[in-house]
Amino acid sequence: MKIDFKQTEPKWQKRWEEAGAFRAEDFSDKPKFYNLVEFPYPSGHGMHVGHIKAYSGLEVVSRKRRMQGYNVLFPIGFDAYGLPTENTAINDNLHPRVVTDRNIEKFTSQLKRVGFSFDWDRVVDTTEEGYYRWTQWIFLKMFEKGLVFRDTALVNYCPSCKVVLSNEDSQGGKCDICKSDIVQKSKTVWYLRITEYADKLLSGLEEVDYLPNVKQQQVNWIGKSTGAFVNFSLKEIDEKLRIYTTRPDTLFGVTFMVIAPEHPIIEANRDRIANIDALDAYREECAKKTEFERTQLVKDKTGICIDGLTAINPVSGKEIPIYISDYVMMGYGTGAIMAVPAHDERDWAFAKKFGIDVVEVIKGGDVEKGAYAGDGEMVNSEFLNGYTNKKDSIARMIEHLEEIGVGEKGVQYKMKDWAFNRQRYWGEPIPIVHCPHCGIVPVPYEELPLRLPEVKNFEPGEGGESPLAKIDAFVNCKCPKCGKDAKRETDTMPQWAGSSWYFLRYIDPKNENAFADEAKLKYWMPVDWYNGGMEHVTRHMIYSRFWHKFLYDLGLVPVSEPYAKRTAQGLILGPDGEKMSKSKGNVVDPNDVVDFYGADVLRTYVLFMGDYGSAAPWNESSMKGCKRFLERIADLTDLVKGEGVTPKLETPFHKTVKKVSLDIEDLKFNTAIASMMTLLNDIADVGSLTKDELMILVRLLCPFAPHLAEEMWETLGGEGLCSLAAWPEWDENKTVESTVEVAVQINGKVRATVAIPFNCSKEDAIAAAKADEKIAAAIEGKSVIKEICVPNKIVNIVVK
RNA sequence: GCGGGUAUGGCGGAAUUGGCAGACGCGCAAGAUUUAGGAUCUUGUGUUCAUUCGUGCAGGUUCGACCCCUGUUACCCGCACCA
């Protein structure tokens, strides 16, 4: 039969919608299954073929699950707050609300055109009042529990976007949005105390089924290290210099100390430091460097010795000079280190440059030629001499430090607290009031949502203040506590706020009394399967796990981990093999593909083009192969003869049902489709098939090419929607032929194949192999040393 | 530097995890159909005339290795002066 996709695709999309075919039911007798895909940021460019691939994976799983009788929740929404929208709005002189609505509309129509089986009744939009009200609510809960704090510190700042960025948003020293170099700036910012959850985020990984590299990346990002804090006395003043080290056992090898240029001890002791002018000059220079420059100059160590402060080694009593250098960061540990040049590369390079002594405390290397970081016997270390096990020597030293009261065991994380405010308009207002009498006062829960005010000019101020700061009607308010005049916080939340809990809102998107109903949460959570991009592993994934764990500790969600399983799709590259980007002009627009080939071809192609988890280049002619495949399937209606089973096709059908069923569970869509193609070739060889058989194939095809499947299902007289028909089952016994071709090897080389009954005995198989004339000739006159038989696979005869 | 991964025809990729390497698709070639192009269909397609040789490279284990072990090279991704 001939299919006109331009007519059939919209027809079935409408029928699904009218039938509410993909609506998830709260509380059902069916088993539940919650499939989640990362909701898109509705940018002005519309959808990308990458989105299609990202959603097609769990789309297929969702459709299969429904056919298997599950109550499936497969929702979609829009993560609509954020800078790009705001920048577009500024450029086009429109309100961000208008831009957002326009973009959401565009995305919605594109998603619907592809025929995704989302539950459109549960769409969430993070910028809607009914949504961000609860984002603010959770923020206030965090405030209430002491997880929100304000601090003045060096933060990542993007001079181009004019915003403070979190660590996660400035990876590699580049602004995540505009890719320009970020700078360090001292600012007062709001933080979420995510480090409080570092251990829980780490240990929680043990109970979830995430892709191994997803887990590993999170472990690395959290970056837990164990060691010790040591307090060094200072010769000149009655103050301690506190350091963190993972190797306290090398304390006898310390020949100098290094503190970060920003370390407060310098400011506090200006008068005492003889070379303060030189230090100031150096510090100023460091402040000017971008993060990028600071890391590029790794090899070339710079620094200055502080003239006027001397540390005392707490175990040896020796006097140690203190340097400032930008290879020590204020943001990690205590901003100060004990330098052991013999056993640390960076310290070694620094010591060589400044002519500082190198004292070996671990045997095994030549410390004059380079730092030795390996294991070995402890030397020059008094009570530690003779220790050969790192663990023991560290434990012994910590014990000693605790005894003499100069240090203790410590833990550090690379992950830092989450800098949470942005100086832009298009985000959730932070519901806080600054009162001259009461200090920082949260907006009462009943006043939520704290609405984003309408403004004309939402460009950020030159001084880096939020556009909201210019709106007096918003800023000026009464203190909720004392009732006197006060001012509102004018910064907004970062883009990652709304996406940190959206999977909970899908469960109860219209609830006005809670972020979601308790019983519904209990029914649906956790998300059974979450698929998304690798780029979100160290941001969205960590952030949302943190929020969810916080809600769990409050008893507001039923499970501690939000996502039971996490997988990731690979990128679609441009036809040139490069990452798709507008500047390279290699972007493929899904709309063009749907116009020309139809949604079914697009869906099938993005899943057939390669391994789902790997990147693969777009190849138009390969897509034509998928078009041909679907056309040939449609033509099968002409080959239908009778009902029941075609003997020659029985095994191929059972095989294919099994293969498709199992491959979908492993995201091996390419081989699932390939097996249907193979079946199609088998059918073509036979020249006919029965109606029952075709209806099996149509149902297997349905998750991939649902419009064609529905059309054929209807033509064949199938009951109801194919999308809701029962998923075909297979009989394991019928997945194999009664006779199998077995390869016969002589000394491991294939010499012949013989057809023998399936599961026949080893003896029979070997006898059959020997009966083959080629094999008989090969063994002729030689002595058989060994005969190996793997049932149904191979016979190997070793001769001499 | 640390962590993770990949390497198979002209291309995208398969291989039940130690058992006939190259499924399936693209591309290509020949033929059919067509006024022609396109589309479609049929056949062929790792290499070699052949015995052969073939899964980045060099070894090893095994009756048998894309798969396991040792060494090595290249590329990709993430983090990175983390003390």
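Residues numbered from 1 in each chain as written. Chains lettered and ligands numbered in written order. Predicted model: local features only at pLDDT ≥ 70, side-chain atom pairs only at ≥ 80, totals over all residues. Heavy atoms only, no water.

Trainee: Hey, could you run me through the environment of Gly331 in this one?
Mentor: Position of Gly331 among the secondary structure elements: in the loop between β13 (319-324) and β14 (336-339). Among the residues examined, Gly331 registers a relative accessible area of 46% and is labelled partly exposed. Here the alpha-carbon distance between Gly331 and Val742, two residues 411 residues apart in the chain, equals 65 Å. (Helix = DSSP H or I, 4+ residues; strand = E, 2+ residues; numbered from the N terminus. Buried < 20%, exposed > 50% of the residue type's maximum accessible area, 1.4 Å probe, protein only.)

Trainee: Would you explain the pattern of salt bridges in this entry?
Mentor: For side chains bearing opposite charge, pairing can occur when the charged atoms are close. Per the counting criterion, the structure on display carries 48 salt bridges. Of the charged contacts, one joins Asp553 and Lys200 as a salt bridge, the two residues approaching to 2.7 Å between their closest N and O atoms. Linking Asp553 in helix α16 (residues 540-553) with Lys200 in helix α6 (residues 198-203), this pair joins segments that are 353 residues apart in sequence. Look at Asp553 and you get partly exposed, because its relative accessible area is 39%. (Salt bridge = Lys/Arg side-chain N within 4 Å of Asp/Glu carboxyl O.)

Trainee: Can you help me understand the protein's contact with RNA strand B in this one?
Mentor: Surrounding RNA strand B, one finds 53 residues, the nearest of these being Gln171, Thr246, Arg346, Met609 and Asn796. At the protein interface, 64% of the atoms of RNA strand B within 4 Å belong to sugar or phosphate. The contact in question runs from a sugar or linking oxygen of RNA strand B to an N or O atom on the backbone of Thr246, over 2.6 Å. Tyr327 is positioned with one of its backbone polar atoms (N or O) 2.6 Å from a sugar or linking oxygen of RNA strand B. A total of six residues in the surface near RNA strand B trace back to one element, the largest contributor, which is helix α21 (residues 669-686). Of the residues belonging to the surface near RNA strand B, the class tally is 20 nonpolar, 19 polar and 14 charged. (Near = heavy atom within 4 Å. Polar contact = N/O pair within 3.5 Å; in protein donor to acceptor, adjacent residues only side chain to side chain. Nonpolar A, V, L, I, M, F, W, Y, C, P; charged D, E, K, R; others polar.)

Trainee: Got a minute to help me understand empty space enclosed by the protein in this structure?
Mentor: Over the atoms rolls a probe the size of a water molecule, and in doing so it shows where empty space is left. Evaluation of the coordinates by the stated rule reveals one cavity of 30 Å³ or more. Each pocket or cavity is described by its volume, and for the largest cavity that value is around 60 Å³. Looking at the largest cavity, the residues that line it are Arg247, Ile362, Gly374, Asp375, Gly376, Met378, Tyr387, Thr388, Asn389, Lys390 and Ser393. (1 Å grid on protein atoms, 1.4 Å probe; cavity = no way out; pocket = protein on both sides within 12 Å on 5 of 7 lines; lining within 4 Å. Points joined across faces, edges and corners; volume = space filled by probe spheres on them.)

Trainee: Would you take a moment to explain the packing of helix α2 (residues 49-67) against helix α20 (residues 647-665) for this structure?
Mentor: Where α2 contacts α20, the axes come no closer than 10 Å and their chain directions differ by 125 degrees. One finds that α2 runs oblique with respect to α20. As α2 runs across α20, the sense of the crossing is left-handed. Across the interface between the two elements, Val60, Val61, Lys64 and Arg65 of α2 pack against Ser661, Ile664 and Glu665 of α20. (Axes fitted to C-alpha atoms, helices over the stretch in contact; angles between N-to-C directions. Parallel < 35°, antiparallel > 145°, perpendicular 65-115°, else oblique. Left-handed = near helix turned anticlockwise from the far one by under 90°. Contact = heavy atoms within 4.5 Å.)

Trainee: So what exactly am I meant to see when it comes to the nonpolar core here?
Mentor: Considering soluble globular proteins, one finds that nonpolar side chains tend to be buried as a cluster. In terms of nonpolar packing, the biggest core is built from 83 residues, with Tyr34, Phe515, Phe546 and Trp547 touching the most fellow members. Trp547 has contacts with Thr135, Ile138, Met142, Leu192, Trp418, Phe420, Ala497, Ser500 and Trp501, leaving out every residue within four places of it along the chain. Core analysis: the next-biggest nonpolar cluster, separate from the first, contains 78 residues, Met67, Phe107, Leu636 and Ala709 among them. (Core = buried A, V, L, I, M, F, W, Y, C linked by side-chain atoms within 4.5 Å.)

Trainee: Looking at this structure, how should I read the pairing of strand β27 (residues 784-790)?
Mentor: Across a regular strand the side chains alternate sides, sitting on one face of the sheet and then on the other. Alignment of β27 against strand β28 (residues 794-799), held across six bridges, turns out to be antiparallel. Bridged to Ile788 within β28 is Asn796. What sits between β27 and β28 in their antiparallel hairpin is a turn of three residues, with Asn792 showing a positive phi close to 65 degrees. (Pairing = 2+ DSSP bridges.)

Trainee: Hey, could you run me through the environment of Val379 in this one?
Mentor: Considering the arrangement of structural elements, one finds Val379 in the loop between α11 (345-354) and α12 (390-403). For the pair Val379 and Lys363, spaced 16 residues apart in sequence, the C-alpha separation works out to 6.8 Å. In this structure, Val379 is in contact with Glu360, Val361, Ile362, Lys363 and Asn385, ignoring residues within four places of it in sequence.

Trainee: In this structure, what is going on with the side chain of Asn313? I would like to understand it.
Mentor: Examined against the element boundaries, Asn313 turns out to sit in the loop between β12 (304-312) and β13. Among the residues examined, Asn313 registers a relative accessible area of 2% and is labelled buried. A distance of 3.0 Å separates the side chain of Asn313 from the backbone oxygen of Leu251, its partner in a polar contact. Among the polar contacts listed, one links the side chain of Asn313 to the backbone nitrogen of Val315, at a separation of 3.0 Å. When near neighbours in sequence (up to four residues on either side) are disregarded, Asn313 contacts Phe232, Leu251, Val254, Lys318 and Ile320.

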